[in-house]
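# Working through the structure, step by step
Each chain, letter by letter, is given below.
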Amino acid sequence: MPVRLIAALTAVAFTSAACTTDAVAASRPDTRARVVELVNIARSHARRCGSERFAPAPALNVSTKLNDAAAGHARDMLKKKYFDHRGSDGSQPKDRVLRAGYKSRLTGENIALGPESAEEVVDGWLDSPGHCANIMDPRFQDIGVAVASGKKRGQIYWVQTFGMPR
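The following paragraphs examine the structure supplied in this document. (Residues numbered from 1 in each chain as written. Predicted model: local features only at pLDDT ≥ 70, side-chain atom pairs only at ≥ 80, totals over all residues. Heavy atoms only, no water.)

A few words now on the state of the cysteines. Tallied over the entire structure, the rule returns one disulfide. Note that Cys-49 is cross-linked by a disulfide to Cys-132, the S-S spacing being 2.0 Å. Sign of the S-S torsion, about -50° for the bond between Cys-49 and Cys-132, identifies this disulfide as left-handed. Of this pair, Cys-49 sits in strand S3 (residues 47-49) while Cys-132 sits in helix H6 (residues 129-136); the two residues are 83 residues apart in sequence, bridging distant segments of the chain. Take Cys-49 and Cys-132: they sit in the same class, and that class is buried. (Disulfide = S-S within 2.5 Å. Helix = DSSP H or I, 4+ residues; strand = E, 2+ residues; numbered from the N terminus. Buried < 20%, exposed > 50% of the residue type's maximum accessible area, 1.4 Å probe, protein only.)

Written out as structure tokens, the structure reads:
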């Protein structure tokens with residue numbers, strides 16, 4: 001199944017690697033931690049995201065409130081079988097973040113459908129200029145990550161939420 005990623009209204013497709021959905025589901029907390037680790041490794045180096053250059057950025061801190069916002073959106077997309085930044089209730093990322101109790105001055109979100117490992121999803125986001133820019137944006141201080149997987153192969157929804165607190 002092709003993998004779909006969206007960040008800031010940008011969509012990118014790439015082919016999924018051969019991992020099992022069960023492996024992702026069984027290690028979801030470890031998978032989320034690995035996504036954060038890979039993002040922070042990427043942020044520790046200067047990088048070009050499309051035509052935009054980014055200096056190294058500080059590591060992001062995990063926010064339970066951003067994790068909650070990301071998890072709610074991932075579960076909603078899985079349950080209602082859609083793939084979009086706009087929630088089934090019409091909400092945008094900033095709305096979900098505020099609803100989770102995170103007071104932000106700036107919010108960002110990356111989503112993906114299909115990758116079966118933390119490495120695959122982060123590599124895909126880093127290869128996409130819009131996703132990469134969210135990851136490298138030095139204004140973001142906090143991160144939340146969620147994975148929701150269905151029973152069918154490739155039915156894995158990833159949500160990465162970024163925040164800059166007020």
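Summarising burial for H6: six of the eight residues are buried, a large majority. Inspection of H6 places His-131, Cys-132, Ala-133, Asn-134, Ile-135 and Met-136 among the buried residues, and these make up the whole buried set.

A few words now on the pairing of strand S8 (residues 156-165). Most of S8 is tucked away, with nine of its ten residues classed as buried. Connecting strand S7 (residues 142-149) to the antiparallel partner S8 that follows it, the hairpin turn spans six residues, and Gly-154 within it adopts a positive phi of roughly 85°. (Pairing = 2+ DSSP bridges.)

As a further point, take the packing of helix H2 (residues 28-43) against helix H5 (residues 118-127). Relative orientation of the contacting elements H2 and H5 amounts to 35°, with a least axis distance of 9 Å. In the packing of H2 onto H5, the handedness of the crossing is right-handed. Where H2 approaches H5, its residues Thr-31, Arg-34, Val-35, Leu-38, Val-39 and Ala-42 are matched on the opposing element by Ala-118, Glu-119, Val-121, Val-122, Trp-125 and Leu-126. A per-class count over the contact of H2 with H5 returns nine nonpolar, one polar and two charged. (Axes fitted to C-alpha atoms, helices over the stretch in contact; angles between N-to-C directions. Left-handed = near helix turned anticlockwise from the far one by under 90°. Contact = heavy atoms within 4.5 Å. Nonpolar A, V, L, I, M, F, W, Y, C, P; charged D, E, K, R; others polar.)

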